[in-house]
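# Summary of the model geometry
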Amino acid sequence: MLVFDVLCSLGSRRWLAVPPILFLAGWLAVDYVQYDFQSQRARITNVWDGPLSTMADASLVVFVFVLGFALVTGDLYVRSLSSGRAAMTLVRARTRDSWWAAKVGALGVLALVYSAVSFCSILTASAFRLPLSLEPSKASEAPWNSPESLYPRFVELPIPLFFIVVVLYTALALWAVGAIILWISVLYPRPVVPATAGLLWVILGSPLIAPLYQREGVGTLDPMYHVSYVIHFTTSSNQATPWVSSLSLLAATLSLVLCAGAWKLRRTDM
């Protein structure tokens, strides 16, 4: 059932829009990467700086990664229900709990695909405008707290391996965010509900309302806050969020969605 849900979702034409949109976002982001507008001088950069620097831009994180993933996969349950696939697969499932677990599990695979396609699209755009290299650039070696820095990183990891770590972590966070939207669509199974819920969540969590990386207290319990790995590095105004805290919150979110969704589906006429 998990494989079936993944293939059905990947068959949607919405996925065709992901590479060009992210390629364009990466192409435009290179201008910021290449030139330090604050000190009015060019940076010594390479191809890795394009995709990794996007995680330090709160607007790109919430509007491109989070909203993009919500629009592409958020109505997975509603589409399955309206097309009749839900009834067809439900009669073949052992229980509704296992059917729902397959839905949530498929969303995790889709989050990984979306993260990989997004970062690779931005990396491809950067390859057209920035030098190719397997080593970190001079700009990326600047301390994270300095004005010249583009993004934080683990200096002990080779930059290609660090790139893969960021892709995997982003996929995990997107999985938790997408799972909540999927659960909302179970509560209100209407075609416009997932997209509306995702849009409202992004607007409320955007830098226009509350800066993503300047939240404290209850604000850090929002799974969207944990999408960017940048929060795990100390800045001049904020303390680093422990990795264990993020992983625990994301795991708890997925567990809660699994339990709450299964409970709701037991009482839903499908």
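Conventions used here
Residues numbered from 1 in each chain as written. Predicted model: local features only at pLDDT ≥ 70, side-chain atom pairs only at ≥ 80, totals over all residues. Heavy atoms only, no water. Helix = DSSP H or I, 4+ residues; strand = E, 2+ residues; numbered from the N terminus. Rg over C-alpha atoms; globule rule 2.2 N^0.38 Å. Buried < 20%, exposed > 50% of the residue type's maximum accessible area, 1.4 Å probe, protein only. Contact = heavy atoms within 4.5 Å. Lys, Arg positive; Asp, Glu negative; His and termini not counted. Charge placed at Lys NZ, Arg CZ, Asp CG, Glu CD. Axes fitted to C-alpha atoms, helices over the stretch in contact; angles between N-to-C directions. Parallel < 35°, antiparallel > 145°, perpendicular 65-115°, else oblique. Left-handed = near helix turned anticlockwise from the far one by under 90°. Nonpolar A, V, L, I, M, F, W, Y, C, P; charged D, E, K, R; others polar. Salt bridge = Lys/Arg side-chain N within 4 Å of Asp/Glu carboxyl O. Phe/Tyr/Trp six-rings, centres within 6.5 Å; stacked < 30°, edge-to-face > 60°. Lys NZ or Arg CZ within 6 Å of the ring centre and 35° of its normal.

Before going further, it helps to spend a moment on the overall build of the protein chain. Scanning the protein chain from N- to C-terminus turns up 10 helices and 2 strands. When the helices and strands of the protein chain are placed in sequence order, the string is α-α-β-β-α-α-α-α-α-α-α-α. By the compact-globule yardstick of 18 Å for 270 residues, the protein chain fits well, its C-alpha radius of gyration being 19 Å. Once the C-alpha set of the protein chain is aligned to its principal axes, its extents read approximately 60 × 40 × 30 Å. The burial tally for the protein chain puts 50% of its 270 residues in the buried class. Expressed as a percentage of contacts within the protein chain between residues at least 6 apart in sequence, the contacts between residues at least 24 apart total 77%. In the protein chain, 18 positive and 14 negative side-chain charges are present, and the distance between their average locations comes to 14 Å.

Our next topic: the packing of helix α4 (residues 58–73) against helix α7 (residues 96–129). Running from N to C, α4 and α7 point in directions that differ by 130°, and their axes come no closer than 11 Å. Between α4 and α7, the crossing angle belongs to the class labelled oblique. Every pair of crossing elements has a handedness; the one defined by α4 and α7 is right-handed. Across the interface between the two elements, Val64, Phe65, Gly68, Phe69, Val72 and Thr73 from α4 touch Leu107, Leu110, Ala111, Tyr114, Ser118, Phe119 and Ile122 from α7. A class-by-class count of the residues in the contact of α4 with α7 yields 10 nonpolar, 3 polar and no charged.

The next point concerns the pattern of salt bridges. Summed over the entire model, instances satisfying the criterion amount to 5 salt bridges. Residues Arg129 and Asp31 are paired through a salt bridge, measuring 2.7 Å at the closest nitrogen-oxygen approach. In this pair, Arg129 is assigned in helix α7 and Asp31 in helix α2 (residues 18–34), connecting sequence segments 98 residues apart. For Arg129, a relative accessible area of 25% corresponds to the partly exposed category. Overall, the relative accessible area of 36% leaves Asp31 in the partly exposed class. Connected via shared salt-bridge partners are Arg14, Asp75 and Arg79.

Moving on: the packing of aromatic side chains. Centre distance and the angle of the planes are the two values used to describe a pair of aromatic rings. Evaluated as defined, the whole model comprises 15 aromatic pairs. When the centroid spacing of 6.2 Å and the interplanar angle of 65° are considered together, the rings of Trp15 and Tyr114 count as edge-to-face. Placement of Trp15 in the loop between α1 (2–10) and α2 and of Tyr114 in helix α7 is noted, with a sequence separation of 99 residues between them. Ring centres 5.2 Å apart and planes at 40° place the aromatic pair Phe65 and Phe119 in the tilted group. With Phe65 in helix α4 and Phe119 in helix α7, this pair connects stretches of sequence that are 54 residues apart. Among the aromatic residues, those joined into a cluster by ring pairs are Phe154, Phe162, Tyr169, Tyr229, Phe233 and Trp243. Over the ring of Tyr32 we find Arg43, and its NZ or CZ is 5.3 Å from the ring centre.

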